[in-house]
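# Structural features, examined
Chain by chain, the residues run as shown.
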Amino acid sequence: MVGGGIFVPDPALGWPPGAPAGLPEQASTDSVLHTVCGAAAFLSLIAAGLLIARRFAAQGDRTWARYSATSSALAFVLTALPWSDGSASIRFAVGAVLISGWLVALSWRARSDVA
């Protein structure tokens, strides 16, 4: 996640406002590194969600197992599957909020387990 924030993507897909609607012909090194770091972070969180869902299922906690698996699956569908370029920014934002929300809820649950 830090790498995705350090490396600045090229203006594209209408973001920031006024940027071209499509993708640039040649991506900058920063843009490629932003994409690689961001993809690695998202895929890591998605994989973690699935692994934790499996753990909860083994412990008999079906609610948290379902929540973890569903959050991971939806984040994957929103961010990894090919969709139209016009919806990419919104899909990534929704996927980020979804998987980050799951991580916050999981952290809150872990905090209450320790207290």
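Structure first, text after, so check above.
Residues numbered from 1 in each chain as written. Predicted model: local features only at pLDDT ≥ 70, side-chain atom pairs only at ≥ 80, totals over all residues. Heavy atoms only, no water.

Let us now look at the overall build of the protein chain. Within the protein chain, the regular secondary structure consists of four helices and zero strands. Going residue by residue from the N terminus, the α and β elements of the protein chain occur as α-α-α-α. For the protein chain, buried positions account for 24% of its 115 residues. Restricting the contact set of the protein chain to residue pairs at least 6 apart, pairs at least 24 apart contribute 51%. Total accessible area computed for the protein chain in this model is approximately 7,500 Å², and 69% of it derives from carbon and sulfur atoms. The average position of the 7 basic charges and that of the 6 acidic charges among the side chains of the protein chain differ by 22 Å. (Helix = DSSP H or I, 4+ residues; strand = E, 2+ residues; numbered from the N terminus. Buried < 20%, exposed > 50% of the residue type's maximum accessible area, 1.4 Å probe, protein only. Contact = heavy atoms within 4.5 Å. Areas by Shrake-Rupley, 256 points an atom, 1.4 Å probe, with all protein chains shown as cover. Lys, Arg positive; Asp, Glu negative; His and termini not counted. Charge placed at Lys NZ, Arg CZ, Asp CG, Glu CD.)

Here we come to helix α3 (residues 62-80). In a regular helix each residue adds 1.5 Å, so 19 residues correspond to 27 Å; α3 covers 26 Å between its end C-alpha atoms and thus fits that length. When α3 is considered as a whole, its buried residues turn out to be Trp-64, Ala-65, Ser-68, Ser-71, Ser-72, Ala-75, Leu-78 and Thr-79. Where α3 is buried, its residues contact α2 (29-58) and α4 (88-114). (Expected span 1.5 Å × (residues − 1).)

Another point: a nonpolar patch on the surface. On the surface, Leu-43, Phe-76, Val-77 and Leu-81 cluster together into a nonpolar patch covering about 300 Å² of accessible area. Within the element layout of this structure, Leu-43 appears in helix α2. For Leu-43, a relative accessible area of 46% corresponds to the partly exposed category. (Patch = residues over 30% accessible without salt bridge, like charges linked within 9 Å, V, L, I, M, F, W, Y side chains within 5 Å. Salt bridge = Lys/Arg side-chain N within 4 Å of Asp/Glu carboxyl O.)

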